[in-house]
Amino acid sequence: MTAWLFPALTQMALIMAIAPLTGGVMKTLKARLQTRRGPGVLQPYRDLYKLVRKGMVRPDTASWLFPAAPYVLFLSALLAGLMIPMVAADAPLSLFGGVLAVVYLLGLGRFFLALGGLDTGSSFGGLGSSREMTISALAEPAMMLAIFTVAIGVGSTNLSVVAHTALGQSWRFFAPSQMLAFAALLIVLIAETGRIPVDNPATHLELTMIHEAMILEYSGPYLALIEWGAWIKQLILMTLLVNTFFPFGLSPGWAVGSGLLVSLAWYLLKLLLLSGVIVVIETTNAKMRLFRVPELLSVAFVLGALALVSTFLFAA
Amino acid sequence: MGALLTSIQLLYGALAAYGCGAAASLLATRGQWGRLGSLGFPLCGALLGIAASLSSLLQGSVHIAGAASGIPLLDYTLRLDPLSALFCLALSILACAISIYSFGYMADLEPRKFAILAFFYNVLLLSLTLVFTASNVFFFLIVWEVMAGSAYCLVSFDHHKEETRQAGILFLLMSHAGTALLLVGFLALATATGSLDFAAFHHAGARLPELQGSALLLLFLIGFGVKAGIIPVHIWLPAAHPVAPSNISALMSGILIKTGIYGIVRVFFDFFDVVPVWTGTLVLVVGVTSALLGVLYALMEHDLKRLLAYHSIENIGIILIGLGSALLFQAFGHPNLAALALVAALYHTLNHALFKGLLFLGAGSVLHRAHTRNMEEMGGLIRCMPFTAFAFLIGAVAISGLPPLNGFVSEWLTYQALLAGFGATSSLVRVMFPVTGALLALTAALAAACFVKAFGIAFLALPRSREAAEAREASGSMRAGMGVLVAACFALGLGATWIVPLFDAITQQALGVRVSSALITADGWSLIAGGARAGAVSTAAMAAALVLLAPIPALLALGWRRSAARTVGPTWDCGLPGLTAANEYTATAFSKPLRMVFSALYQPRREIQADFEVSPYYPTAIRFESEIQPTFEKRFYDPLLAGILRVAARMRAIQAGSVHAYLAYIFVALILLLLFGVRA
């Protein structure tokens, strides 16, 4: 019982705590790069605190799906978060499902959020749902190719096995297949989390919104759940990226001790670096027109395919 | 039950019940008892069918029974082996739900129409059961044709509409073309083995010369593929399924097209042993093409039932991906992997029968109450038809392959089979597996987008027409019928570890291995694909965790301040007041980004005509027309049809209408046949 309860509870607390922080760090880093002061890394917590205390308005056109969507989004993201290795190579719930389950759980959240967007009857909601589903569908094959490349190298879709294998052998990031798969997944990460150049998380200009358009009618605690769920999803994808390709410092198990703390420190450092990379990409690029996005995603697909072929060519 | 009665006795019971149902429906014009019997008997038959197939699957035994007909070459041989039993199981569960549903759905039909519909419904069920169990070539072909004929009568039920008549004819034509190919294939097998019994065909294909064997495989693939609706021989499917009455559409999309899959599995795994690599590759490619094009065409549909019909093509593709991988693994000498892929394909077959049946029943309820198939005239149905909406949502989540429902389980198994494929061989073919996996991921994500559209436009927000606004909830029996399938979708999703052992008997029979012990973890909670290190998944645990975690967001967000005001107000819509249904996103608008991205495939054409009086900026009326190119019809079938007509025009010369000439033809044919007979 306690064998999995401690890791599960710890990881759950960590995910829920770190996810808003990652968002805050990225916002601050971005502000600094643009020579602004920025709101401070703790702003997301303040936002959450503010939102949960507010009242909320439910559109009179909406059905029970509208309030259900934030729950499904938050819960599916949280559950997916328990299936990935975070500070220890053993994911708390790795037997519940591997990387495919994580991808599909995030899909479940997106499915309901898109329905929530349509439920309001507002044309912006429909617009956001339509674009979100299109972009995520086009990102899917690239993501799957990159995942397959990693899974084939290890022989498993179980993320704990992937992490253990990565820990066990020498670091081989500079193998062509790894680098290409990393690049493909990075593009997918940017598309899936709605960041520039695919979507602008800061925009509220009606016609350019994607994610923000979908959640336009949500307010108060519902909005808090959606924001939080979205940060958790972003954290999951970032964690997958850093722990799969840069397994440094990952503690093998959940034995309580200084090992876990060191591992946590490493993890935060890696997250910080990846946030930096994403922020630089965001700052140096302009948002793309919607119909340019498929081109970017086909670049990711080609990178994924190349990663796969190089597994085939440079098989050790 | 299996102890009291053997499976074959139960099967006889089911057949007899369908027969009684057909007889009772002829009496349906006489009053209530006939009506009750014409749907009550098939319900009993379906329950007996479930018992028969489950007992056969659990025992893994092969039952043979039958009677000689007295006609040369024809024997009424029935064989209930595990493979037949699985398809009978899918058929019986679906028939059970549809029979319950039909009580309400058919209630307001006038007596004569009721009798016709119920009669052919029973005949179709009877012939479907026989198709899955017949074990003699001619018996099989006869029930195959009875099936096609009764399906034709059902498709043409609303024959006063031009669209329906055309669809019926198209279905019949393509079905016959497929049967012709099957006839050639079966006769070739019969000549090679000297028997007409399916049991004698076991692994007979392996003894054929290679070229002949390959030709036969191709014949069977196309012949059965027509019924399954694989691309490019799919065009009858999106025409015929929508025009049939909805309970029949559910039966057709759920199980009738699976007769094609049954045939392919029967031929490729039973009649042939190990098929050449190119065959497996071809099946895989056909599968990917059908899956991807099926979903892409579905996305552009605004007719709810046509949309579902295109999704049938997509799902047949996913099943074929599993089958193709299984064939390839067998060719490479990996029976265990082949068994994994076969389990994935058959699991998806069972799943698709259930969720597609459910979706068609849901669409039927909408059609019944809102009187339209056009999604652009629906909307807001979740308020007036809450149960139908819930059932449709469950079907939509299941078909999109989202956890924890059944579609996810079979897609997960398919992914695992594809992943394992990379290590199964060193030839270049192995690159195909991960690429197929990526395209399967694209298919699944597009399917999710399509069902967001279907559910969101049809059931959510404001009603777009008066009929939709005034729709009532479906009647009790219709809800019960959908409820059966909702329960089945949950059971097959959450109970995956109890379902997988059912396939053991089939893989044992087809490939000589049992894989369920390798696919289920020791504690019985998780599915695991090959070995302790491989990927694991547990839908039941996921569902449990989702429920257990549920208090967290509730407490965090809503329990924070109980006094947080919850008000209902008009949709904000960026400050625009007065939201009407005309402001809503339409199905056409929803699929617009994908129509642009895949414009090379769709070749969309659009026309905008604006009428104005003063200035073009103040139009008084706008007409918008958008259509996509039906590529297959235009590029493939139109030239084919033109060719056939040209040949027919030439042949008219010998068909002059003169009786003398015809008598002469008959005479010459007779002489030639006699000469041929004497010489042989």
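Everything quoted here is computed from the prediction, not taken from an experiment.

Q: Sorry, what's going on with the overall build of chain A here?
A: Looking only at helices and strands, chain A has 11 helices and 1 strand in total. In terms of overall size, chain A behaves like a compact globule, its C-alpha atoms giving a radius of gyration of 19 Å where 316 residues would be expected to give roughly 20 Å. Taken along the three principal axes of its C-alpha coordinates, chain A extends 60 × 45 × 40 Å. Put simply, chain A has 316 residues, and 63% of those count as buried. Long-range contacts, defined as pairs at least 24 residues apart, comprise 80% of the intrachain contacts of chain A with a sequence gap of at least 6.

Q: Can you walk me through the overall build of chain B in this structure?
A: On a plain count of helices and strands, chain B comes out with 29 helices and 7 strands. Put simply, chain B has 680 residues, and 56% of those count as buried.

Q: How should helix H21 (residues 504-511) of chain B be read in this particular structure?
A: Residue pairs spaced three or four apart in an α-helix point in one direction, given the helix's 3.6 residues per turn. All names here are of chain B. With 6 of 8 residues buried, H21 is to be regarded as a mostly interior element. Within H21, burial applies to Asp504, Ala505, Ile506, Thr507, Ala510 and Leu511. Tucked inside the fold, the buried residues of H21 contact helix H2 (32-59), helix H3 (82-105), helix H10 (258-271), helix H12 (304-331), helix H13 (335-370) and helix H22 (516-519). In the segment just after H21, glycine 512 is the residue with positive phi, at about 80°.

Q: Please clarify how unusual backbone geometry should be interpreted in this entry.
A: With the exception of glycine, the majority of residues adopt a negative phi angle, and the majority of peptide bonds are in the trans configuration. Following A:Ile196, the chain continues into A:Pro197 via a peptide bond in cis, with omega recorded as 10°. The residue A:Pro197 is located in the loop between helix H7 (176-192) and helix H8 (211-214) in this model. Across the junction of B:Ile231 and B:Pro232, the peptide omega takes the value 15°, indicating a cis bond. As for its placement among the helices and strands, B:Pro232 is situated in the loop between helix H7 (210-228) and helix H8 (236-243). With phi around 55°, B:His371 is a residue other than glycine that occupies positive phi space. With respect to the helices and strands, the residue B:His371 is situated in the loop between H13 and helix H14 (381-384). Among the residues examined, B:His371 registers 13 C-beta atoms within 10 Å and is labelled partly exposed. We note that B:Gln603 has phi near 45°; this positive angle belongs to a residue other than glycine. Within the secondary structure, B:Gln603 is located in the loop between helix H27 (599-602) and strand S6 (605-612). According to the C-beta neighbour criterion, B:Gln603 is partly exposed, with 13 such atoms within 10 Å.

Q: How should I be thinking about the packing of H7(A) against helix H9 (residues 220-245) of chain A in this particular structure?
A: When two helices pack together, their arrangement is given by the angle between their axes and by how far apart the axes lie. Residue and element names in this part refer to chain A. At a closest axis distance of 10 Å, the pairing of H7 and H9 adopts a crossing angle of 170°. Taken together, the axes of H7 and H9 are roughly antiparallel relative to one another. The residues of H9 that touch H7, namely those facing Gln178, Phe182, Leu185, Leu186, Leu189 and Glu192, are Leu237, Met238, Leu241 and Phe245. Among the residues forming the contact of H7 with H9, the class breakdown is 8 nonpolar, 1 polar and 1 charged.

Q: What am I meant to see in the pairing of S6(B) here?
A: The side chains of a regular strand alternate, residue by residue, between the two faces of the sheet. Residue and element names in this part refer to chain B. The buried fraction of S6 amounts to 0 of the 8 residues, a small share that puts the element mostly on the outside. For S6 and strand S7 (residues 619-627), the ladder comprises 8 bridges, and the chain directions are antiparallel. Within S7, the position partnered with glutamine 609 by the bridge is arginine 623. The antiparallel hairpin formed by S6 and S7 contains 6 residues in its connecting segment.

Q: Just to check I follow, could you spell out the pairing of strand S1 (residues 63-68) of chain B for this structure?
A: All names here are of chain B. Pairing of S1 with strand S2 (residues 75-80) involves 6 bridges; the strand directions are antiparallel. Note that in S2 the partner of alanine 68 across the bridge is aspartate 75. Turn length for the S1-S2 hairpin, with the two strands adjacent in sequence and antiparallel, is 6 residues, and the turn residue glycine 70 shows positive phi of about 85°.

Q: Before we go on, may I ask you to explain the interface of chain B and chain A in this structure?
A: Accessible area lost upon the coming together of the parts serves often as the stated size of an interface. On the side of chain A, 72 residues touch chain B, which itself brings 70 residues to the contact. Per-element accounting of the side of chain B that touches chain A gives the leading share, 13 residues, to helix H17 (residues 432-459) of chain B. Grouping the constituent residues of the side of chain B that touches chain A by class yields 52 nonpolar, 12 polar and 6 charged. Summarising the sheet, strand S1 (residues 56-59) of chain A and strand S5 (residues 566-569) of chain B pair through 4 bridges and their orientation is parallel. From the neighbouring strand, A:Pro59 faces S5(B), where its bridge partner is B:Gly569.

Q: Would you take a moment to explain the environment of B:Leu218 for this structure?
A: Locating B:Leu218 in the fold gives a position in helix H7. A C-alpha to C-alpha distance of 43 Å links B:Leu218 and B:Ala541, two positions 323 residues apart in sequence.

Q: So what exactly am I meant to see when it comes to helix H3 (residues 65-81) of chain A here?
A: Along its 17 residues, H3(A) runs 24 Å from first to last C-alpha, staying within 8% of the 24 Å computed at 1.5 Å per residue. Counting buried positions along H3(A) yields 15 of 17 residues, so the element is predominantly enclosed.

Q: Help me understand the environment of A:Leu138, please; the structure alone is not making it clear to me.
A: Structurally, A:Leu138 is set in helix H5 (residues 123-154). Residue classification places A:Leu138 among the buried residues on the basis of 26 C-beta atoms within 10 Å. Among residues more than four places away in sequence, those in contact with A:Leu138 are A:Pro294, A:Leu297 and B:Val597.

Q: Would you explain the confidence of the model for chain B in this entry?
A: Low pLDDT marks stretches whose predicted atomic positions should not be read closely. Residue and element names in this part refer to chain B. Of all residues in chain B, 98% have pLDDT values of 70 or greater, and the mean over the chain is 90. Looking at the elements of chain B, mean pLDDT is at its lowest for helix H24 (residues 551-558), recorded as 80, and at its highest for helix H15 (residues 386-399), recorded as 96. Predicted complex, confidence summary: ipTM 0.95, pTM 0.94.

Q: Mind showing me how you'd approach the environment of A:Thr157 here?
A: Summarising the element assignment, A:Thr157 is placed in the loop between H5 and helix H6 (159-168). Judged by the 28 C-beta atoms lying within 10 Å of it, A:Thr157 falls in the buried class. When the C-alpha positions of A:Thr157 and A:Leu100 are compared, they lie 7.1 Å apart, and in sequence the two are 57 residues distant. Here A:Thr157 is in contact with A:Gly98, A:Val99, A:Leu100, A:Ala151, B:Leu419 and B:Gly535, once residues within four sequence places are set aside.

Q: Please explain the packing of H13(B) against helix H19 (residues 476-494) of chain B as it appears in this structure.
A: Residue and element names in this part refer to chain B. Two elements in contact, H13 and H19, have axes separated by 9 Å at closest approach and are oriented at 150°. With respect to H19, the axis of H13 lies roughly antiparallel. H19 is crossed by H13, and the crossing has left-handed handedness. Each of Leu350, Asn351, Leu354, Phe355, Gly357, Leu358, Leu361, Gly362 and Ser365 in H13 lies in contact with H19, whose residues at this interface are Met478, Gly481, Met482, Leu485, Val486, Ala488, Cys489 and Leu492. Classifying every residue of the contact of H13 with H19 by side-chain character gives 12 nonpolar, 5 polar and no charged.

Reading the values: the criteria
- Residues numbered from 1 in each chain as written.
- Chains lettered and ligands numbered in written order.
- Predicted model: local features only at pLDDT ≥ 70, side-chain atom pairs only at ≥ 80, totals over all residues.
- Helix = DSSP H or I, 4+ residues; strand = E, 2+ residues; numbered from the N terminus.
- Rg over C-alpha atoms; globule rule 2.2 N^0.38 Å.
- Buried ≥ 20, exposed ≤ 12 C-beta atoms within 10 Å, placed from the backbone.
- Contact = placed C-beta atoms within 7 Å.
- Axes fitted to C-alpha atoms, helices over the stretch in contact; angles between N-to-C directions.
- Parallel < 35°, antiparallel > 145°, perpendicular 65-115°, else oblique.
- Nonpolar A, V, L, I, M, F, W, Y, C, P; charged D, E, K, R; others polar.
- Pairing = 2+ DSSP bridges.
- Expected span 1.5 Å × (residues − 1).
- pLDDT = per-residue confidence, 0-100.
- Left-handed = near helix turned anticlockwise from the far one by under 90°.

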